[in-house]
Amino acid sequence: MSPRRTDSGGLIDRLRTIRFTFDGAPYTGHAGDTLASALLANGVTLFGRSFKYHRPRGVLTSGVEEPNALVTVLRDEVREPNIAATMVEIYDGLTAVSQNRFPSLAWDVSAANQFGGRLLSAGFYYKTFMGPAIGPLKSTRFWMFCEHFIRRAAGLGRAGTAADTARYERMNAFCGVLVVGSGPAGLMAARAAADQGARVILSELEPRFGGSANWSGETIDGMPGADWAARAAGQLEGYDNVRLLPRTTVWGYYDGNVLAALERVTDHKERPGKGEPRHRYWVIRAKSVVLATGSFERPLVFPGNDRPGVMLAHAAERYTNEYGVLPGHRIALFTNNDSAYRSALALKKAGAAIVAIVDVRPELSSEMRELADEAEAKILSGHAVVATEGGKALSGIKVQRFDMANGALAGDARSIQADCLLMSGGWSPTIHLASQAGAKAEWNAARQAFLPPKPTQMWPTQQWIGAGAFTGSFSTAEAIAEGRAAGLSAAGGTGTPAALPVVEAAPGDPDPAPVFEIRADGKSFVDFQHDVTAEDVRLAHREGFISVEHLKRYTTLGMATDQGKSSNIPGLAIMAEALGKPIPEVGTTRFRPPFSAVSIGSLAAERFGDLRPERLTPMHDWHVANGATMYSAGLWHRPMIYGLSGETIEQAYVREARATRESAGIVDVSTLGKIAVQGPDAAEFLDRVYTNMFSTLAVGKARYGLMLREDGLAFDDGTTWRLGEQDFLMTTTTANAGKVMQHLEYFLDVIWPELKVHVTSVTDEWAGAAIGGPKARAILAACVTGTAVDNAALPFMGIVHGKISGVPVMICRLSFSGEMAFEVYSGAGYGTHVWEALIEAGKPFGLVTYGLEALGTMRIEKGHVTGAEIDGRTTARDLHLDWMLSKKKPFIGSAMMDREGLIAPGRLELVGLISLDNQPLNGGAHIVEALDEANPHDSIGHITACCYSPALGRYIALALVKDGKARRGTRAHISDPLRNRFGPVEIVSNQFFDPDGSRMHG
Amino acid sequence: MLITCPYCGPRDVIEFTYQGDGNRERPQPASQDLDAWNAYVYNRLNPAGDHNEIWQHSGGCRAHLRVVRNTLTHEISSVAFARGDHKSVARHKTEGKS
Ligand SMILES: [Zn+2]
């Protein structure tokens, strides 16, 4: 028999024994135990070490708010730190270890920190490491030196390095009523809403439905609360319109009643069942929400309140009634309210001796005195606990006379032997979700708590109704009535049906005395997890941190993994006292998601790895089958080179570009954005969108166009083909296809709705191949039927329709490579067919396929711009495209493009660079007038694109250089310290090759 | 946040692209009033309360919508096609208890 397990009682399955280890030692517990209850049953009192001082810590609570008993759970190679032992359900083989101890939990070298308390007081990090530099201890460097040691001594658990192999899942759910919390209020609300026919989801963060009914010892409808709750949950299970979610924490409340929840599906199992994820992330869209999230009991702040064996009163009651575990045999209680008396009686009934009930209040009701009598407990009214004794377990407490009115202590301190001290500092409603939803909590002086506001003050986009302890109604009878009313109202129902369940409960006044702290010598903890003491809060105040938000950051109060669930109100109360203000004037911080820790894996769920869609051109498989090395350009996969065996990338693209200029080359241009611009006002629209004229373009001709943004900077370029009077095919750069589409849609919808124009993205409808070079026309002549392709039929920028290998094609004579070139478009489904026919026709002419590298090389030789130059900072003038700016009409950007700064001298202008040392140039390299390798400075520009030019036999580049046009013919240097490349260059025109265009015009 | 598209019905905000302050007035295309252009291109209202915004249903019908949204509460009081067909105003009431 475990030393602290009761002989009977509790909801655990005593017939099932479960074996687990903690810090390597084997233990047993029962099915239904948490790690905390099982260890307590085994007499374990020491659960961990505190964050800063490494003080020994036990378990403070029995639930999600636990600040002390954090453990690391190991599963195979995966370690998960900072899990509250109160939330871990034991299973056979569970392996848990304690945290913050070195080398062992019982013997910790850093525990000496607690004797150097001043060293680690509030603001320690700021003061020590961010202050002014003093002598050699330059703050940041000093921090870097110390960090290693501090990180080891402080901090929470250690994260694992093994990949998490568990599966996580995301679910979307919709419901009429989401009930959060399944205590008596939540169970009643779910039932009432379900009876109205509403679709209901009931979530409960614990494994068992019922909340306080499982341990309060109260009787509901003539049966023990736990039985009543089990019956109510069982009945709900029978409803088709109810979904029960145990082990599910609703952690986020977002706009439009969207709530996020984490379901721990298999953490309590030895192995997940087939197909079960570890966690499930629920996104719940609820028409309305019932918040029945209950309340948290508050600790009292007094010296030694963190010693193992000091526990919240209700937690002890819960361990006793729900888990059959007595946290001590000689138990003292320390309280400022009535609820502790019920706890005392529960523990007495389970076999413990109640040695004292220390109550700060001088006057007690006769009901409380009767409860104390029944518990055979001595009442010390008007007293306070001023110290605790013992090491890794409690051995006794010291009490003194206490005057509630002024906080003064009087008389001699008395020692009382006890192995467990239960404290109750009143209750705080769990208003976190309401606060996330924007509700401003209101201080209630009687309850000494922040209560959620009345529904009238709620934000319109969040529709919740509160019930039970969440609203400050701490009795079960009130919870039952409010729960049913909330469920009815949330489901849109009215009326009061049959009588409410009858509750038999111990009496008690819900209002505590306004006492939060006993000021006496010694460390009194406010935030247990972050080791923030009452003195730290006062120190912060003395140093000027008087806003609650500053206080929080300076002391780190409430910023640990428990987010101050138990420490917020005591911290505020101490701050308020220091400020001499009432608590509501100090204010509370707004809670933000998540309510409790959420696994990152659940947020990612199935969406990990590279989930970007792949865009493949119609000819993709052909490229791959014919030796192309593919390259991703945005979402597209495009051939980079078609390398021959043994070729380097440079050798391959040089060969491809040279062959194109000598005979002919073909490249897949299906990725270009293509937008059908159609309608009676299409030409007018294009005149407004492009800087140059399109209304004058003849049908059957194409024109190169430039677009600016509204602010006058260059946006995108491409050719647009006039296929009919009211029918244009616009092409955009590959990268900007989506942006241009959105741009056009915006203007048609918002700015010029009167224009009769329709735009349609047709990028994926057309396959495109560009074929260029001296032999390109001969190749087309050899395979195109139904139209001539000679100069008369197909002049520069002309468009013809014909067929290739029986497939209709549209051919436009335009050139990006600078060669006589044609773009051949066919329906996407025929792309490979037409491509293969072109390849076949080109064989006798030495046609080569070329990829992006050769394409880029030929465009650099021609000085054409792409996204590297149209970078959102350059104007048409900077790129020498001012010849395209029509003076005959306004266009998007025309009013803004001539602003002072955009035409001032000193702008970066497009130039060409030739490497004078015959070494390659690097993209992004800076250009300087004078070389200073040791201390590079005064950049006058940078390289945007570079290559080896087979046409020039030189390494060349395009660059944006300050006043670049005027520098043509001068020399400069590239300065690239990152890649250690320095060298002389000549600045030339960006048009390196065939500047008058004789080759493409033919 | 849900936006009720007049075409598509109530949809999650993830389907929409914010296209900016809907109060901006674009000067006439030929206007040379640089101050007016400057205001249009760079100035945005930032009210604490109801705001007139343009949203594109980019993951749906692609229509641009004029949305009146309360920047404090995210409450959406009206949605209409930006094209200005006032008959198409969608009644947008936050779903809730009736
Ligand atoms: Zn839509």
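Whatever comes next refers back to the structure up there.
All values derive from a computational prediction rather than experimental measurement.

About the thresholds
Residues numbered from 1 in each chain as written. Chains lettered and ligands numbered in written order. Predicted model: local features only at pLDDT ≥ 70, side-chain atom pairs only at ≥ 80, totals over all residues. Heavy atoms only, no water. Phe/Tyr/Trp six-rings, centres within 6.5 Å; stacked < 30°, edge-to-face > 60°. Buried < 20%, exposed > 50% of the residue type's maximum accessible area, 1.4 Å probe, protein only. Lys NZ or Arg CZ within 6 Å of the ring centre and 35° of its normal. Patch = residues over 30% accessible without salt bridge, like charges linked within 9 Å, V, L, I, M, F, W, Y side chains within 5 Å. Areas by Shrake-Rupley, 256 points an atom, 1.4 Å probe, with all protein chains shown as cover. Salt bridge = Lys/Arg side-chain N within 4 Å of Asp/Glu carboxyl O. Lys, Arg positive; Asp, Glu negative; His and termini not counted. Charge placed at Lys NZ, Arg CZ, Asp CG, Glu CD. Helix = DSSP H or I, 4+ residues; strand = E, 2+ residues; numbered from the N terminus. Pairing = 2+ DSSP bridges. Donors = N, O, S within 2.8 Å, 3.2 Å for Na, K, Ca; no water. Tetrahedral: all angles 85-135°; square planar, octahedral: opposite > 155°, others 65-115°. Axes fitted to C-alpha atoms, helices over the stretch in contact; angles between N-to-C directions. Parallel < 35°, antiparallel > 145°, perpendicular 65-115°, else oblique. Left-handed = near helix turned anticlockwise from the far one by under 90°. Contact = heavy atoms within 4.5 Å. Buried area = accessible area lost by both parts, 1.4 Å probe. Polar contact = N/O pair within 3.5 Å; in protein donor to acceptor, adjacent residues only side chain to side chain. Nonpolar A, V, L, I, M, F, W, Y, C, P; charged D, E, K, R; others polar. Expected span 1.5 Å × (residues − 1). Core = buried A, V, L, I, M, F, W, Y, C linked by side-chain atoms within 4.5 Å.

Any chance you could explain the packing of aromatic side chains here in plain terms?
The geometry of an aromatic ring pair comes down to the distance between the two centres and the angle between the two planes. All names here are of chain A. One pass over the full model with this rule turns up 23 aromatic pairs over all chains. Seen from their ring centres, Trp 464 and Phe 470 are 5.7 Å apart, and the 85° between their planes marks the pair as edge-to-face. Taken individually, Trp 464 and Phe 470 each receive the classification buried, so the pair is uniform in this respect. Each residue in the set Phe 685, Tyr 746, Phe 747 and Trp 752 is aromatic and connected to the rest through ring pairs, giving one cluster. Sitting above the plane of the Tyr 825 ring, Lys 674 keeps its charged end 5.5 Å from the centroid.

Is there a simple way to explain a negative patch on the surface in this structure?
Taken together, the side chains of Glu 367, Glu 370, Asp 373 and Glu 374 of chain A make up a negatively charged region of the molecular surface. Counting through the fold element by element, Glu 367 of chain A comes out in helix H8 (residues 366-374).

Is there a simple way to think about the pairing of strand S13 (residues 248-254) of chain A in this case?
On a regular strand, one side chain projects to one face of the sheet and the next to the other, so that they alternate. All names here are of chain A. Among the seven residues of S13, six are classified as buried, and the element is accordingly described as predominantly covered. Of the pairings in the sheet, the one linking S13 to strand S14 (residues 258-264) comprises six bridges and is antiparallel in character. Counted as the bridge partner of Tyr 254 is Val 258 from S14. In textbook terms, the turn of a hairpin is the stretch between consecutive antiparallel strands, and for S13 and S14 this stretch comprises three residues, one of which, Gly 256, has a positive phi near 70°.

Looking at this structure, how should I read the coordination of the zinc ion?
In an ideal tetrahedron of four donors about a metal, each angle is 109.5 degrees. In an ideal octahedron of six donors, the angles are 90 or 180 degrees. Residues and elements named next belong to chain B. Here the zinc ion is held by the protein donor atoms Cys 5 (SG), Cys 8 (SG), His 57 (ND1) and Cys 61 (SG), which lie 2.0 to 2.3 Å from it. Taken together, the four donor atoms coordinating the zinc ion and their angles of 104 to 118° define a geometry best described as tetrahedral. Every donor residue of the zinc ion comes from the same chain, spaced as C-x2-C-x48-H-x3-C. You can call His 57 buried: its relative accessible area is 0%.

Explain the packing of helix H11 (residues 534-542) of chain A against helix H12 (residues 548-555) of chain A to me, please; I cannot follow it from the model alone.
Relative orientation and spacing of two packed helices are given, respectively, by the angle between their axes and the distance between those axes. All names here are of chain A. For the pair H11 and H12, interaxial distance at closest approach is 10 Å and the crossing angle is 120°. On the basis of their axis angle, the class for H11 and H12 is oblique. Relative to H12, H11 is oriented so that their crossing is right-handed. Contact residues: Asp 536, Val 537 and Ala 540 in H11; Leu 551, Tyr 554 and Thr 555 in H12.

Mind showing me how you'd approach the interface of chain B and chain A here?
Interface size is commonly expressed as the accessible area that is lost once the parts come together. If you look at the interface, chain B gives 32 residues, while chain A gives 28 residues. Buried area between chain B and chain A, both sides added, is near 2900 Å², and the carbon and sulfur share of it is 55%. Where chain B touches chain A, the interface holds four salt bridges. For Glu 745 of chain A, the salt bridge is made with Arg 62 of chain B, and the minimal N-O distance between the two is 2.8 Å. Along the contact surface separating chain B from chain A lie 12 residue pairs in polar contact (both at pLDDT 80 or more). Elements that contribute at least two residues to the side of chain B that touches chain A include exactly strand S3 (17-21), helix H1 (34-42), strand S4 (50-56) and strand S5 (64-70) of chain B. With six residues, H1 of chain B is the largest single contributor of residues to the side of chain B that touches chain A. Considering only residue class, the side of chain B that touches chain A consists of 12 nonpolar, 11 polar and nine charged.

Can you help me understand helix H19 (residues 737-751) of chain A in this one?
An α-helix turns once per 3.6 residues; consequently, residues spaced three or four apart project the same way. Residues and elements named next belong to chain A. With 15 residues, H19 extends 21 Å between its outermost C-alpha atoms, agreeing within 8% with the 21 Å of an ideal straight helix rising 1.5 Å per residue. Among the 15 residues in H19, 12 count as buried, and that is most of the element. Among all positions of H19, only Ala 737, Val 740, Met 741, His 743, Leu 744, Glu 745, Tyr 746, Phe 747, Leu 748, Asp 749, Val 750 and Ile 751 are buried.

Sorry if this is basic, but what is going on with the sheet that holds strand S11 (residues 223-224) of chain A here?
Two modes of strand pairing occur in sheets, parallel and antiparallel, and in both the strands are linked by backbone hydrogen bonds. Residue and element names in this part refer to chain A. Spatially, the three strands line up as an open sheet ordered S11-S10-S29, and their pairing is antiparallel. Of all strands in the sheet, those with a lone pairing partner are S11 and strand S29 (503-504), marking the two edges. Alignment of strand S10 (residues 219-220) against S29, held across two bridges, turns out to be antiparallel. Each bridged residue has a counterpart across the sheet, and for Thr 219 the counterpart in S29 is Glu 504.

It is not clear to me how the nonpolar core should be interpreted in this structure. Could you clarify?
Side chains of nonpolar character tend, in soluble globular proteins, to be buried together. Residue and element names in this part refer to chain A. Ranked by internal contacts, the top residues of the largest apolar core, which has 78 residues, are Leu 35 and Phe 334. With six residues, helix H1 (residues 35-41) is the single largest residue contributor to this core. Aside from chain neighbours lying at most four places away, what touches Phe 334 is Leu 300, Phe 302, Val 358, Val 360, His 383, Ala 384, Val 385, Leu 421, Leu 422, Met 423, Ser 424 and Ile 518. Ranked by size, the runner-up nonpolar core spans 51 residues in total, among them Leu 855, Met 858, Met 884 and Leu 958.

Looking at this structure, I do not really get the pattern of salt bridges. What am I missing?
Once the charged atoms of two side chains with opposite charge are near each other, the side chains can pair. Residues and elements named next belong to chain A. If you walk through the whole model with that rule in mind, you get 51 salt bridges over all chains. The residue Glu 549 makes a salt bridge to Arg 553 at a minimum N-O spacing of 2.9 Å. Pair noted here: Glu 549 and Arg 553 are both in helix H12, with a separation of four residues, about one helical turn. Overall, Arg 553 belongs to the partly exposed group, its relative accessible area being 42%. Across the pair Asp 711 and Arg 709 runs a salt bridge whose closest N-O atoms are separated by 2.7 Å. Relative accessible area serves as the criterion here: at 11%, Asp 711 is assigned to the buried category. The partly exposed category is assigned to Arg 709, whose relative accessible area is 29%. Through salt bridges that share partners, Arg 55, Arg 57, Asp 306 and Asp 531 make up one connected network.

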